[in-house]
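Residue strings, one per chain:
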Amino acid sequence: PADGGEDDGGGQRVLPVVVGGTMMYLQWLVHGRPDAVRPSDAAAERAASRIASFRRGDGGADEDEDGAWMDASAYVSSLGPVFEGRVGRLPGRDWYRLRRLLEVAYTMAERRAGDGT
């Protein structure tokens, strides 16, 4: 239907509403499947550990959350221009997406090392 509503089978029109969560469902619906590579187990574990170290203050950050975020995002940005651009577009302190960027970076590095390049 033109108004976006759907027939519920009983003749009544309903408009589905999606609430809560991280908006990933809507991003998939609007933009399609993400193009990021699936991380290797080793890359996922390494990235989670590295992000955790920043959040604990082991990564050279100040003890505050702002300092930890700045240091972690600077680290991921330093891994290349693609990652720098993606970090720059993250909504404030999105630790999950920052970790995902790091997983992708580590996975790509593993693949390059495996190819001998």
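In the block above lies the structure referred to throughout.
Residues numbered from 1 in each chain as written. Predicted model: local features only at pLDDT ≥ 70, side-chain atom pairs only at ≥ 80, totals over all residues. Heavy atoms only, no water.

Draft legend 1. Spotlight on unusual backbone geometry. One non-glycine residue with positive phi stands out, namely arginine 93, at about 30°. On the basis of relative accessibility, which here comes to 39%, the residue arginine 93 falls in the partly exposed class. (Buried < 20%, exposed > 50% of the residue type's maximum accessible area, 1.4 Å probe, protein only.)

Draft legend 2. Geometry of the environment of glutamate 65. Among the secondary structure elements, glutamate 65 is positioned in helix α3 (residues 65-77). Separated by 28 residues in sequence, glutamate 65 and arginine 93 have C-alpha atoms that sit 8.9 Å apart. (Helix = DSSP H or I, 4+ residues; strand = E, 2+ residues; numbered from the N terminus.)

Draft legend 3. Molecular detail of the nonpolar core. Judged by nonpolar contacts, the single largest core of 19 residues is most densely connected at Val76, Phe83, Trp95, Leu98, Leu101 and Leu102. Elements represented by at least two residues in this core include exactly α2 (41-56), α3, α4 (81-88) and α5 (95-115). Residue contributions to this core peak at seven residues, all from α5. Setting aside residues no more than four positions away along its own chain, leucine 102 makes contact with Ala47, Arg50, Ile51, Tyr75, Val76 and Leu79. (Core = buried A, V, L, I, M, F, W, Y, C linked by side-chain atoms within 4.5 Å. Contact = heavy atoms within 4.5 Å.)

Draft legend 4. Examining the packing of α3 against α5 more closely. It is at 10 Å that the axes of α3 and α5 come closest, and there the two elements cross at 25°. Between α3 and α5, the angle is such that the two are roughly parallel. The element α3 and its partner α5 pack so that their crossing is left-handed. Contact residues: Glu65, Ala68, Trp69, Ala72, Ser73, Tyr75 and Val76 in α3; Trp95, Leu98, Leu101, Leu102 and Tyr106 in α5. Class assignment for the residues of the contact of α3 with α5 results in 10 nonpolar, one polar and one charged. (Axes fitted to C-alpha atoms, helices over the stretch in contact; angles between N-to-C directions. Parallel < 35°, antiparallel > 145°, perpendicular 65-115°, else oblique. Left-handed = near helix turned anticlockwise from the far one by under 90°. Nonpolar A, V, L, I, M, F, W, Y, C, P; charged D, E, K, R; others polar.)

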